[in-house]
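Now for the letters of each chain:
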Amino acid sequence: MIYLTEDNKDVRKVDLAEAMRQKLQQKKQQQADNKPGLKGNLQTKALKTQNNKKPNNQRRRTGGS
């Protein structure tokens, strides 16, 4: 159980699922407030190129099967 206080007036027990729902709702609301149109995605990291695995050329170097 988690105890939440709102303005130090009300203390009530909230189960973990309800607390997580409230936190997720607050997070979504903050993201909606901070997003001016399409510029909300600028906070994400820029994608880096993926390093491809080099082919194993051991057969070519050693002369075959």
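Shown above is the structure to which this text applies.
Described in the following lines is the structure provided in the data block. Each chain has its residues counted from 1, following the order in which its sequence is written. A pLDDT threshold of at least 70 governs which residues receive local features in this predicted model, and a stricter bar of 80 or more applies before side-chain atom pairs are shown or counted, although totals over entire chains, interfaces and linings include all residues. Note: side-chain values were computed over all heavy atoms of the structure, leaving out hydrogens and water.

A word on the overall build of the protein chain
Per the secondary structure count, the protein chain includes two helices and two strands. Each helix corresponds to a stretch of at least 4 residues labelled H or I by DSSP, and each strand to a stretch of at least 2 residues labelled E; elements are numbered beginning at the N terminus. The helix and strand sequence of the protein chain, counted from the amino end, reads β-β-α-α. Expressed as a percentage of the 65 residues in the protein chain, the buried residues total 3%. Values of accessible area rely on a 1.4 Å probe in the Shrake-Rupley scheme; residue burial ignores everything except the protein chains shown. Summed over its atoms, the accessible surface of the protein chain is roughly 7,200 Å², and 48% of this surface lies on carbon and sulfur atoms. Burial classification: accessible surface area is computed with a 1.4 Å probe over protein chains only, and a residue below 20% of its type maximum counts as buried, one above 50% as exposed, and the rest as partly exposed.

Observations regarding the pattern of salt bridges
Where charged atoms of side chains with opposite charge meet at close range, the side chains can pair. Salt bridges are counted wherever a side-chain nitrogen of Lys or Arg sits within 4 Å of a carboxyl oxygen of Asp or Glu. Following the criterion strictly, the structure yields one salt bridge and no others. Between R21 and E18 there is a salt bridge, and its shortest N-O distance comes to 2.8 Å. With a gap of three residues between them, R21 and E18 both fall in helix 1 (residues 16-34), about one helical turn apart. Residue E18 is classed as partly exposed on the basis of its relative accessible area, which comes to 31%.

Re helix 1
With 19 residues, helix 1 ought to run about 27 Å at 1.5 Å a step, and its terminal C-alpha atoms sit 27 Å apart, in line with that. Here helix 1 lies mainly on the outside; one of its 19 residues are buried. Under the convention used throughout, the expected extent of a helix is 1.5 Å for every residue step, that is, one less than its residue count.

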